[in-house]
Amino acid sequence: MEWFNSHLLTGLTFLPLVWAAVGTLLPEKTVKHWAFAGSIVVFLLSLKLYTGYDPQGAEFQFLESAEWIPGLGVNYSLGMDGISMWLILLTTFLSPLVILSSYQGVEDREKSYYTLLLALQTGMTGAFVAMDTFLFYVFWEAMLIPMYFLIGIWGGKERIYAAMKFFIFTMVGSLLMLVAIFFLAYQHKLQFGNFSTALLDLYKVKLDGAGYFSTQGLLFLAFALAFAIKVPLFPLHTWLPDAHVQAPTAGSVILAGVLLKMGGYGFIRFAFPLFPQAVATYQHTFLILGSIAIVYGAWVAMVQPDMKKLVAYSSVSHMGYVVIGLFALNSIGATGSVYQMLNHGISTPALFLMVGMLYERRHTKEIKEYGGITKVMPLFAVAFMIATLSSVALPGTNGFVGEFLILLGAFKANPGLAVLATTGVIFGAVYMLWMFQRVMFGPLTNPENKKLKDLSLREACVLTPLLVAMIVMGVVPNFFFEKMETSVAKLLERTGKVEMVAQTAIRKDGK
Amino acid sequence: MDKLNVIDPSFLTLSGDQLALLGPYFWMIGAALLAMIVGVIRFLPSKWTVFAVAMVGILGGLFVSANQIGMDRADLFGGMMVADGFSAFFNVLFLGTAALSLCASLKYLDKEKLQYPEYTILLLFSTIGMMLMASALDLITIFIALEIMSLSVYVLVGFRRNDRRSNEAAMKYFILGAAASAILLYGSALLYGSTGTFVITEILARISAKGDLMTPVFHLGAWMVLAGFLFKIASVPFHMWLPDVYEGAPTPITGFMTTGVKAAAFAAFIRVFVAFGYGKDLTSAVEGRLHDVLWVLAVATMFIGNVIALTQTNLKRMLAYSTIAHTGYLLVGMIAAPHAESGFAPVAMYLAVYTVMNLGAFAVLSVLAGRGDTGLNLHDLSGLGKRHPWLAFSLAIFLFSLAGIPPTAGFASKYYLLYSAIQAKEVWLVVLAVLCSAIAVYYYLRVLVYMYMREPQADTPSAKDFTPAAAAFAVAMMVAMTLQIGILPAKMMAITKRVVAKL
C-alpha cells in the first residue's frame, strides 16, 4: 500500500500513455473501446487521490521524487495539494466522457485519434502534479503536440490555421516562461549554492520586487504571459475562438475543460507564490484585464451567429472571473476562482458536447438553422437547459457558487471593477438564454430539423454525469471546499496575504 | 640555422601508447586505402565491397573512439595533435555521421545512378579530415585537416555531375571555401608572426604571460582566423553560400555537411577560440569587442536564418536556413561558455544532438527524394502520414526536436545551452534566442501540416517503393537517440561535461 501510494501519481500520469501504446497493437475498430476502458480505469484509480488526501496533513501529498538531471538540479518530483487534486479529478472525469462522445463523430484514423487523446491526458495530468519547474515545463509543452494534431487533423475547414495559431500563441508565451525558469534556477544557485528547479526550493529565492520592472516584476510578467495566453485573458484570447470552432468536439471539450485551467493553475502554483510582491504590484492591472474580459467576452458572445463560437467567447468571459477572483488576493476570491475553474470545466464541456451532438445530426452550428428543437428533441432540450442555467450561474447550480464568491472577493479588492464584472453576469444570462430561445423555442420552421432524433443512450450516458455534477456542485459546495481550503490558505500565505487568512479563520471560529 | 637541420627524434617515433591512441585514424585510413583498392577490382561488386570495407573501418574506429572518451589527455607529435576526451567525443560523432550517411546513401545512389566507389572513399577521407580537425592543436594541422575535409566535400557536393544545380553548388562552395581557407591561413600566419608559435595552447600561454604580445598584428590575425571559422560554420554574414550548396548537393551529402562538417568546424573553432583568451579577462579589447561582435552575429544569425526559412518551400533549402539558425544558437553557447560553470559542454551536447536529429531528417529526405533530387518540396509531402506512416512519424519527431519541443533531445540540449547563457548573465540574448525559436516553430510545423493535415495531391507519387533497410535502420537509430537523449539527458550532459573539462 505504501508503495502504491508513493507511485500513484506516476501511475495516473503515465498509465494513459502506456495504455495508448498498447492500443496501437489492436485492430483499428476496437481501439475506441480500449481507450474508453483505459480512461475508466484511470478515473477509478484517481478516486484514490480523493480518499487518500488529508487536508489537515502535509501541504503536498503523494509525493515522489527521483533524480533526473543531477547536473542541473532537476528532479522528477510529483506531488499534489487540494487544488491540483480537484483539477486531476476533473481531467480523469472528463476523459471517459470525451472518448465516449467521439464514438460516432470520428471515423477517420481512429487509432491515432484515441492515442493522441490519451497522450494528451498524460500531458495534462503531468502538468498538474509536477513539483519541479523543469518537469512542469516539459509536460506543459508536450501537451501541445497532441492538441495540435487533434485540431489540425480532425478539425473543421480552417483547422490548419487554427492549429497553427494555437500552437504558436502558446509556444511564444511559454518560451519566455522558460527563460524565467532559467533565471530563477540560477538565482537559487547564487543564493543557496546549488542548482535547483524544484518548486519548493524556488519559493525560497529572494528577489528584488519593488516596482513594475523590478526583477520580480519582469519574471512575473514572463510567467504571467504564458498563463494569461492559456487562460486566455483579454487581449491574448484571439486564438481561443479559432481553436474552439475548428477543433473536433472532443478537442473543444478538453481545451475548455482542462487546458484553460492550466492557466489558472499556473498562476496559483507558480506565478503567485514565486513573485508575491510583483503580484501585489500588478494586482490592479490584472483585475482590469479580467473585468474587460468578462464584459467584452459576453458582448462578443452575444452577437455570434455560430453556437460554438458563442460558447467559446463565453469561456473568455468565464475565465475572466477566474482571473479577477485570483487577483482579488483574498481567500474568498481565490476559493471562488478555484471553484469556478471546476465549474467551467463541467458546464462548458457539456455545452460543447451538446453543440457537437447537434452538429453530428445537422452538420451546421449556425444558430439560425435551428429553432423549435424542443419539439423534436425534448430530452436534449432539458439537458441543454440545465447546462445553460449552470453557465448563467443560476442559484442551485455550480456556476452561482463560484461567481458569487469571486464577486464578493473582488468587491473587497476593488469595488468599482467588481460592479463592472457583475454586469457580466447579466450579459451572460442574455447571450445564453437568447441562444437557448433561438435554438430551442419558436416554430419548427426548418424542414430538415423535423426528423432529428433525440438523445441516444450513449449520448445520455455522456451528458448525465456532467448534469449531475452541475447540481451537486451547486447544492453541496462544502464537499469540495473541505479538501481545497487549506491549500488555498497556504497559497495566500505564500503570497504574503497572511492577515486575510487569519480573518477567515476567526470568522469560522465565530460561527 | 643549425637547429632547423636537426629534427627532434621524439617527433618521429611514437610510443606504443601513442600508437594505440591513433587507433581510430588507422582504422579510417586503412579502410579508405583498402576501399580504393577493392573499388577497382573488376570481378567484385564494388557497391557492396566498398560499402562493407568502409563500414568495417568506421565501426572499428567508432568502437576505439568510444573507448577513448574517458581517457586522459595525451599529446601526440610534439603537441601538434592531441588525443583527449574532446577529440574522442567528436570522433564518435563524425564516425557515426559517416556510418549513417553511408546507410542513407546506399539506395539513393542507385536511384540517381551514381553508384561509384569514389563516393564512399571521398566520404571516408572527409571524415578523416574532420577527425583531425577535432584533435589538432596546431594552426597548420588545423588548416591541413580542414583542407582534407573540404576538398573531399567539394567533390561530393558536385557528385551529381549531370545536374546543373549540383555543379553550381560545387563551384560556389569551392571558390568561396577556398577564399575562406585562404583568410584562415593568412590569419594563422599573422598569429604566428606576433606570438612565434602555431600551437594554440602555447599562443594562449604566451599572451597571458606577456600582454604586450597582443599587438595589432595579433588582433588582425585573430579576426581573420575568426572570419575563416565563421565562414565554415556559416554564421551571418558569411552564410550566403550555404543554402545553394545544400540544395544542390546530393541529399545524403547535405545531411553529412549540416552535421559532420559543421561539427568539425565547431570542434576546431572551440579549440582556437579558447586560445584567443576570451573569458580569461586578459584585455578589454578581447573581452568587450569580441563579445559584442559575436553577440551581434549570434542574434543576426538566429534571426536571419529563421526568418528566411519561413518562406522556403523546398525542404532541403528550409533545413539549410534552419541550420544557419542553429549556428546562431551555438554561437550563443560559445559566447556564454567561458563564463558558465558548464563551459563548452552545452555547445558539444548541442552539436551532438543536432547531428542526431538533422542526420535523421536528411535520412528521411534521402528516402523520399525522387530521381534528380526532386520531390522535396513541401507539397510533395502532402498526405505522407498516410502513405509512409513510419517515415512521417520519424520526420515529425526530428522536426519537433529541431524546434526544441519537449520531450525530445532538441529541447534538452537547447535548455542546457540557454541555461549556460543565463549563467553568463546574457539574459537578453536568451530572450532573443527563444523568440527566434518561436519563429522557427512555424516552419517546422508547416511540414507537419503537409504530412498529416492535407490529403495526397493528384500529382504526388502515390505508393513509393518500400523504405530500404539500411536507411530505415539509420532513421530508427536516430529516432531512438532523439527520444532517449530527450527523456534522459543526464548521461549526455555528464559525458560532454567531462570531455570539455580539460580544453
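Residues numbered from 1 in each chain as written. Chains lettered and ligands numbered in written order. Predicted model: local features only at pLDDT ≥ 70, side-chain atom pairs only at ≥ 80, totals over all residues.

**Student:** Just checking my understanding: could you explain the overall build of chain B for this structure?
**Tutor:** Along chain B, the regular secondary structure elements total 22 helices and two strands. Expected size for 503 residues packed as a compact globule is a radius of gyration near 23 Å; at 22 Å, chain B falls within 12% of this value. Its C-alpha atoms give chain B principal-axis dimensions of about 75 × 60 × 40 Å. In chain B, which comprises 503 residues, the share counted as buried stands at 60%. For chain B, the share of sequence-separated contacts (at least 6 apart) that also reach a separation of at least 24 residues comes to 78%. (Helix = DSSP H or I, 4+ residues; strand = E, 2+ residues; numbered from the N terminus. Rg over C-alpha atoms; globule rule 2.2 N^0.38 Å. Buried ≥ 20, exposed ≤ 12 C-beta atoms within 10 Å, placed from the backbone. Contact = placed C-beta atoms within 7 Å.)

**Student:** Looking at this structure, how should I read the overall build of chain A?
**Tutor:** From N to C terminus, chain A includes 22 helices and two strands. Over its C-alpha atoms chain A spans a radius of gyration of 22 Å, differing by no more than 12% from the 24 Å that the globule rule assigns to 511 residues. A burial count over chain A gives 61% of its 511 residues as buried. Residue pairs at least 24 apart in sequence account for 79% of intrachain contacts in chain A once pairs closer than 6 positions are excluded.

**Student:** I tried to follow the packing of helix 4 (residues 82–105) of chain A against helix 5 (residues 110–129) of chain A on my own but got confused; where do I start?
**Tutor:** A pair of packed helices is characterised by two quantities: the angle between their axes and the separation of those axes. All names here are of chain A. Helix 5 packs onto helix 4 with a crossing angle of 175 degrees between their chain directions and a minimal axis gap of 9 Å. One element, helix 4, and the other, helix 5, form an angle in the roughly antiparallel class. Taking contact as the criterion, the partners of Ser84, Leu87, Ile88, Thr91, Ser95, Val98 and Ile99 in helix 4 are, on helix 5, Tyr114, Leu117, Gln121, Met124, Thr125, Phe128 and Val129. Class assignment for the residues of the contact of helix 4 with helix 5 results in nine nonpolar, five polar and no charged. (Axes fitted to C-alpha atoms, helices over the stretch in contact; angles between N-to-C directions. Parallel < 35°, antiparallel > 145°, perpendicular 65-115°, else oblique. Nonpolar A, V, L, I, M, F, W, Y, C, P; charged D, E, K, R; others polar.)

**Student:** When you look at the interface of chain A and chain B in this model, what are you seeing that I'm missing?
**Tutor:** Frequently, the measure chosen for interface size is the accessible area removed from exposure when the parts meet. With 26 residues of chain A in contact, the opposing surface of chain B contributes 25 residues. Elements represented by at least two residues in the side of chain A that touches chain B include exactly strand 1 (61–69), helix 6 (133–142), helix 7 (144–154) and helix 8 (159–192) of chain A. Its residues placed into classes, the side of chain A that touches chain B shows 22 nonpolar, two polar and two charged.

**Student:** Would you mind showing me how to read helix 5 of chain A here?
**Tutor:** For an α-helix the count is 3.6 residues per turn, leaving residues at separations of three or four pointing the same way. Taking 1.5 Å of rise per residue, 20 residues should cover 28 Å, and helix 5 of chain A covers 29 Å from first to last C-alpha, within 8% of that figure. A large share of helix 5 of chain A lies buried, amounting to 19 of its 20 residues. (Expected span 1.5 Å × (residues − 1).)

**Student:** How do you make sense of unusual backbone geometry when you look at a structure like this?
**Tutor:** Each neighbour pair has its own omega, and for Val231(A) with Pro232(A) the value is -10 degrees, a cis peptide bond. Tracing the sequence through the fold places Pro232(A) in the loop between helix 10 (215–230) and helix 11 (239–246). Each neighbour pair has its own omega, and for Val236(B) with Pro237(B) the value is 5 degrees, a cis peptide bond. Among the structural elements, Pro237(B) can be located in the loop between helix 11 (216–233) and helix 12 (241–248). The phi torsion at Ala393(A) lies on the positive side, around 65 degrees, for a residue other than glycine. Within the secondary structure, Ala393(A) is located in the loop between helix 17 (378–391) and helix 18 (398–413). We classify Ala393(A) as buried; it has 25 C-beta atoms within 10 Å.

**Student:** In this structure, what is going on with the environment of Lys111(A)? I would like to understand it.
**Tutor:** All names here are of chain A. Topologically, Lys111 is positioned in helix 5. Of the residues examined, Lys111 has 20 C-beta atoms within 10 Å and is grouped as buried. Along the primary structure Lys111 and Thr364 are separated by 253 residues, whereas in three dimensions their C-alpha atoms are 26 Å apart.

**Student:** Explain the confidence of the model for chain B to me, please; I cannot follow it from the model alone.
**Tutor:** The predicted coordinates should not be examined in detail at positions where pLDDT is low. Of the residues in chain B, 94% reach a pLDDT of 70 or more, and the chain-wide mean stands at 85. Interface confidence for the predicted complex, given as ipTM, is 0.87, next to a pTM of 0.89. (pLDDT = per-residue confidence, 0-100.)

**Student:** Please explain helix 22 (residues 490–499) of chain B as it appears in this structure.
**Tutor:** Residues of helix 22 of chain B that are buried include every one of Met492(B), Met493(B), Thr496(B), Lys497(B) and Val499(B), and no others. Seen from one end, helix 22 of chain B has its buried residues packed into an arc of 165 degrees, which puts them on one side. Taken together, the buried residues of helix 22 of chain B touch strand 1 of chain A together with helix 6 (85–112), helix 16 (345–368), helix 19 (409–423) and helix 21 (469–487) of chain B. (Arc of directions from axis to C-beta.)

**Student:** Teacher, can you tell me more about the confidence of the model for chain A here?
**Tutor:** Residues and elements named next belong to chain A. Within chain A, residue pLDDT values average 85, and 97% of them lie at 70 or more. Ranking the helices and strands of chain A by mean pLDDT puts helix 6 first, with 90, and helix 22 (residues 498–510) last, with 45. Residue range residues 498–511 is modelled with pLDDT below 50. Its contacts to residues more than four positions away, or to other chains, number nine contacts.

**Student:** Is there a simple way to explain the environment of Arg160(B) in this structure?
**Tutor:** Residue and element names in this part refer to chain B. Counting through the fold element by element, Arg160 comes out in the loop between helix 8 (139–157) and helix 9 (164–195). In the structure, Arg160 is positioned 314 residues away from Ala474 in sequence and 23 Å away in space, judged by C-alpha atoms. Look past the residues within four positions of Arg160 in its chain and what remains in contact with it is Glu112, Leu114, Ser166 and Pro250.

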